[in-house]
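Remarks on the overall topology
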Amino acid sequence: NAGVTQTPKFRVLKTGQSMTLLCAQDMNHEYMYWYRQDPGMGLRLIHYSVGEGTTAKGEVPDGYNVSRLKKQNFLLGLESAAPSQTSVYFCASTLTPGLAGNDPHSGANVLTFGAGSRLTVL
Amino acid sequence: AQSVTQPDIHITVSEGASLELRCNYSYGATPYLFWYVQSPGQGLQLLLKYFSGDTLVQGIKGFEAEFKRSQSSFNLRKPSVHWSDAAEYFCAVRGPGNKLTFGTGTQLKVEL
């Protein structure tokens, strides 16, 4: 059981280049999220998905696109990378809260995170 | 919209001393609250969570947190800190769509 796997772990881009970060989970989770982490700012939500074929904007969506063509995968794309997108990106997933109710002992409501992808844009 | 404030950016404690990390939240409904820990170069690991019921919750690695609705706080505590506890700690509140809003984190340094 691998949990949440992010690829690549490290990447250096030049301004204007494009790239895609892949997040894969093998826990049959419905909800998936992309966060970015910057010093002194904690984690901020970029985009998220509540199920296959759905995506929604988070707190800082500009400059990013996402796709959820398969339930287990959530892709984060940068069409034209900028130095401001230098960051550590984290993917997370969770069960659908409604299915498990509000049982605090269930896995719902608890996010499982990947190990992160460090992106540098020069 | 929900928000989380962690007023201490850095905290240094001696090994064996007690620890309290502060967290204040803003949320209109009954909050679901979490503490996560991040070791250098690693992802986030859940320490503990509060959904309802007993306001003192126990977590992994000997950590506990107390939910105080009147103070909108969810402070993290540990009676005796170990050198391996050095890490960054994040408080978070769950909002609509099961989205987590995080605080800016508290960096814990442990002096031997």
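Residues numbered from 1 in each chain as written. Chains lettered and ligands numbered in written order. Predicted model: local features only at pLDDT ≥ 70, side-chain atom pairs only at ≥ 80, totals over all residues. Heavy atoms only, no water.

1. Quick look at the sheet that holds strand 8 (residues 73-78) of chain A
Residue and element names in this part refer to chain A. We count it as follows: Strands qualify as paired when DSSP identifies two bridges or more between them. To qualify as a helix, a DSSP run of H or I must reach at least 4 residues; to qualify as a strand, a run of E must reach at least 2; elements of each kind are numbered from the N terminus. The angle between two axes is taken between their N-to-C directions and runs from 0 to 180 degrees, where each axis is a line fitted to C-alpha atoms and a helix contributes only its stretch in contact.
Strand order in the open sheet formed by four strands is 1-3-8-7, with antiparallel pairing between adjacent strands. Pairing within the sheet leaves two strands with one partner each, and these edge strands are strand 1 (4-7) and strand 7 (65-67). Across the sheet, the mean angle separating the axes of adjacent strands is 20 degrees when strand polarity is ignored.

2. Points about the side chain of H29(A)
Residues and elements named next belong to chain A. Going by this rule: The classification of residues rests on relative accessible area computed with a 1.4 Å probe and restricted to protein chains. Under 20% of the type maximum is buried, over 50% is exposed, and intermediate values are partly exposed. Every residue pair with non-hydrogen atoms within 4.5 Å of one another is taken to be in contact.
Along the chain, the position of H29 falls in the loop between strand 3 (19-25) and strand 4 (31-38). Looking at H29, the relative accessible area reads 8%, which means it is buried. Those residues within four positions of H29 in sequence are excluded, and the remaining contacts are R68, K71, S93, T94, L95 and T112.

3. Description of the packing of aromatic side chains
How we decide: Whether two aromatic rings pair depends on their centres lying within 6.5 Å, for rings of Phe, Tyr and Trp, where Trp uses its six-membered ring; planes under 30 degrees apart make the pair stacked, over 60 edge-to-face, and the rest tilted.
Tallying each qualifying case throughout the model produces 17 aromatic pairs over all chains. Taking the centre distance of 5.4 Å and the plane angle of 80 degrees together, the rings of F113(A) and Y36(B) count as edge-to-face. In this pair, F113(A) is assigned in strand 10 (residues 112-113) and Y36(B) in strand 5 (residues 33-38), connecting two distinct chains. Here F113(A) and Y36(B) have matching classes, each one buried. Among the aromatic residues, those joined into a ring-pair cluster are Y31(A), Y33(A), Y35(A), Y48(A), F113(A), Y32(B), F34(B), Y36(B), F51(B), F90(B) and F102(B).

4. A look at the nonpolar core
Just so we agree on the cut-off: Here, the term nonpolar core denotes a set of buried Ala, Val, Leu, Ile, Met, Phe, Trp, Tyr and Cys residues that are joined through side-chain atoms within 4.5 Å.
Residues L19(B), W35(B), L47(B), L48(B), F74(B), L76(B) and Y89(B) are the most contacted members of the largest nonpolar core, which totals 26 residues. Of all the elements, strand 10 (residues 87-94) of chain B adds the most residues to this core, at four residues. Beyond its immediate stretch of four places on either side in the chain, F74(B) contacts C23(B), L33(B), F34(B), W35(B), L48(B), K49(B), Y50(B), V57(B), A65(B), E66(B), F67(B) and C91(B). Core analysis: the second largest hydrophobic core is formed by 21 residues, Y31(A), Y32(B), F51(B) and F102(B) among them.

5. As for the layout of surface pockets
Stated formally: Buriedness for pockets is judged along seven lines, at least five of which must meet protein on both sides within 12 Å for an open set on the 1 Å grid over protein atoms alone, while cavities are sets there where a 1.4 Å probe fits but cannot get out, and lining residues have an atom within 4 Å of a point. Grid points are joined across faces, edges and corners, and a volume is the space filled by probe spheres set on the points. Put simply, Ala, Val, Leu, Ile, Met, Phe, Trp, Tyr, Cys and Pro go in the nonpolar bin, Asp, Glu, Lys and Arg in the charged bin, and everything else, Gly too, in the polar bin.
What the largest pocket holds in volume is close to 500 Å³. Forming the boundary of the largest pocket are 28 residues, of which Q37(A), V88(A), R118(A), Q38(B) and G41(B) lie nearest the centre. Only strand 4, strand 9 (87-94) and strand 11 (117-121) of chain A together with strand 10 of chain B provide two or more residues apiece to the lining of the largest pocket. Here the element with the most residues in the lining of the largest pocket is strand 11 of chain A; it accounts for four residues. Here the lining of the largest pocket is built from residues that sort into ten nonpolar, 14 polar and four charged. Counted as a void, the second largest pocket has a volume near 290 Å³. Lining the second largest pocket are 18 residues; nearest its centre among them are L45(A), E59(A), Q2(B), L100(B) and T101(B).

6. A closer look at the interface of chain A and chain B
Using the following cut-off: Any pair of N or O atoms that falls within 3.5 Å is considered a polar contact. Within protein, one atom must be able to donate a hydrogen and the other to accept it, and sequence-neighbouring residues count only if both atoms are side-chain atoms.
Contacts between chain A and chain B engage 24 residues on the former and 21 residues on the latter. Scanning the region where chain A abuts chain B turns up three residue pairs in polar contact (both at pLDDT 80 or more). Elements supplying a minimum of two residues to the side of chain A that touches chain B: strand 4, strand 5 (42-49) and strand 9 of chain A. For the side of chain A that touches chain B, the class distribution of residues is 16 nonpolar, seven polar and one charged.

7. What to know about the pattern of salt bridges
Residues and elements named next belong to chain A. Quick reminder of the rule: When a carboxyl oxygen of Asp or Glu is within 4 Å of a side-chain nitrogen of Lys or Arg, the pair counts as a salt bridge.
Tallied over the entire structure, the rule returns seven salt bridges over all chains. The residue E30 makes a salt bridge to K71 at a minimum N-O spacing of 3.0 Å. One end of the pair, E30, is in the loop between strand 3 and strand 4; the other, K71, is in the loop between strand 7 and strand 8, and 41 residues separate them in sequence. On the accessibility criterion, E30 (23% relative accessible area) is partly exposed. Since its relative accessible area comes to 19%, K71 is described here as buried. Put simply, R36 and D38 hold a salt bridge, and the shortest N to O gap is 2.8 Å.

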